[in-house]
Amino acid sequence: MENHHHDTHPTQRHHPHHFQSREILQHMDERGSHHWKPAKTLDSTPTNSIAPSAMAPKLMKMIRVEAPLLREIMAEFLGTFILVLFGDASVAQSKLSNEANGDFFSINWGWAIGVMMGVLVAGGVSGAHLNPAVTLAMACAGRLAIIKVFFYMLAQYLGAFAAAASVLGVYSDAIQYASNGTLTMNDEANDPGLAGIFATYPAPWLSVAGGLGDQILGTMLLLLCICAITDKKNTQIPSALVPMYVGFTILGIGVCFGANCGYALNPARDLSPRLISLIAGWEQSFSWDNYNWFWIPIVGPHIGAILGVFIYIAFVEAHWPEDGDELVPVGVPRANFNKDRGEKIQNMDMESFAAST
């Protein structure tokens, strides 16, 4: 906003050095007298140039994708790419520096921030599933068209594959240095080595049943929380804060349930990077524990995700009153909201409402 100064004393003399809001140039004539002239304003944009703002809409129009499904596929690919890129890179930095530049908690934060940023990128386009288990659960609950399931999953697996390949490329020198050029895995000693950068592996004490239960429970908790975060009839979390809440959910699960097998919770996050590790030269990536492990981070999350969605529906979502969409003050339990008193309640502060009840 411009500030316009009006001189209320036009006849008032000013000190020679006090000139209002103007840059000045000093010129001397042949007699040595001083003449002060305002500096000319220069246009910073050349007359023969094309303004960037004129080119941007043309470029946007050229690359614009009109098909809604294709836009959603692209968003799922990019969002999953970001998620796995942050996550796998956080593990790589920790392992390759012998935990000098990272530890268990930094890895948890890496995955949490990866989820936050991935959801932020894709959320407004596709809903940011970024996880085949989430996609399947949403389809089972009638929140995603069945025809989209294959395409969403394909985008997620490809995004995770591209992310793992990127991490391998960026840290290839460090991997060669740390491994002396030999990519080994020791199944007998339960040491996956640097293959653990890309995929999850079970702790020595974990059985097949224990690993499956771990993945089912962890993914169930994830989907239950996601349903609560995105339920507009519940606490009404603003859309802009959804990525943060989902990221903190991942952080919480990692801190609480990461010891058993690294809380994959996401088939794309585990299977695609595992394939990259096999291609890179870790030959036991799939045969680990006599092929009794690789399928658990694939099957478990799908079961857990479906359970999580339907548990939330059965315990919370199915019981909202029909007038649950009515606007009520924050802090008033929606389950107790009475439509006949709705308008009156909306005009009362919380203290008077509490007193009236």
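The shown structure was predicted, so the numbers you read here are calculated from the model rather than taken from an experiment.

A. Spatial organisation of the pattern of salt bridges. Evaluation of the coordinates by the stated rule reveals four salt bridges. Across the pair Glu317 and Arg143 runs a salt bridge, and its minimum N-O distance is 2.5 Å. Here Glu317 is found in the loop between helix H11 (296-315) and helix H12 (342-346), whereas its partner Arg143 is found in the loop between helix H4 (132-140) and helix H5 (146-170), with 174 residues between them in sequence. Look at Glu317 and you get partly exposed, because its relative accessible area is 27%. Take Arg143: its relative accessible area is 36%, and that puts it in the partly exposed class. Here Asp270 ties to Arg274 by a salt bridge, and the two come within 2.7 Å at their closest N and O atoms. Here Asp270 and its partner Arg274 are both found in helix H9 (residues 267-280), four residues apart, which amounts to about one turn of the helix.

B. Up close: the environment of Gly118. As for its placement among the helices and strands, Gly118 is situated in helix H3 (residues 104-126). Residues Gly118 and Leu83, spaced 35 residues apart in sequence, show a C-alpha to C-alpha distance of 5.3 Å. Contacts of Gly118, omitting those with residues within four sequence positions, involve Gly79, Ile82, Ala128 and Leu130.

C. Representation of the packing of helix H7 (residues 208-230) against H11. Where H7 meets H11, the axes come as close as 6 Å, and the angle between the chain directions of the two elements is 40°. In this view, H7 runs oblique relative to H11, as classed from their interaxial angle. Crossing geometry of H7 relative to H11 is assigned as right-handed. Together, Val208, Gly211, Leu212, Gln215, Ile216, Thr219, Met220, Leu223, Leu224, Cys227 and Ala228 of H7 and Ile296, Pro297, Gly300, Pro301, Ile303, Gly304, Ala305, Leu307, Gly308, Val309, Ile311 and Tyr312 of H11 make up the contact between the two elements. Residue composition of the contact of H7 with H11, by class: 17 nonpolar, six polar and no charged.

D. Broad picture of helix H2 (residues 68-96). In this model H2 runs 41 Å from its N-terminal to its C-terminal C-alpha over 29 residues, within 8% of the 42 Å that 1.5 Å per residue would give. Just downstream of H2 lies Asn98, where phi reads positive at about 55°.

E. A look at H9. Taking 1.5 Å as the rise per residue, H9 with 14 residues should run 20 Å; its terminal C-alpha atoms sit 20 Å apart, in good agreement. Buried-residue contacts for H9 involve H2, H3, H4, H5 and H11. The backbone nitrogen of Ala268 lies 3.0 Å from a side-chain oxygen of the residue at the head of H9, namely Asn266. Looking one or two places after H9, you find Gly281, whose phi comes out positive at around 130°.

Cut-offs and rules
- Residues numbered from 1 in each chain as written.
- Predicted model: local features only at pLDDT ≥ 70, side-chain atom pairs only at ≥ 80, totals over all residues.
- Heavy atoms only, no water.
- Salt bridge = Lys/Arg side-chain N within 4 Å of Asp/Glu carboxyl O.
- Helix = DSSP H or I, 4+ residues; strand = E, 2+ residues; numbered from the N terminus.
- Buried < 20%, exposed > 50% of the residue type's maximum accessible area, 1.4 Å probe, protein only.
- Contact = heavy atoms within 4.5 Å.
- Axes fitted to C-alpha atoms, helices over the stretch in contact; angles between N-to-C directions.
- Parallel < 35°, antiparallel > 145°, perpendicular 65-115°, else oblique.
- Left-handed = near helix turned anticlockwise from the far one by under 90°.
- Nonpolar A, V, L, I, M, F, W, Y, C, P; charged D, E, K, R; others polar.
- Expected span 1.5 Å × (residues − 1).
- Polar contact = N/O pair within 3.5 Å; in protein donor to acceptor, adjacent residues only side chain to side chain.

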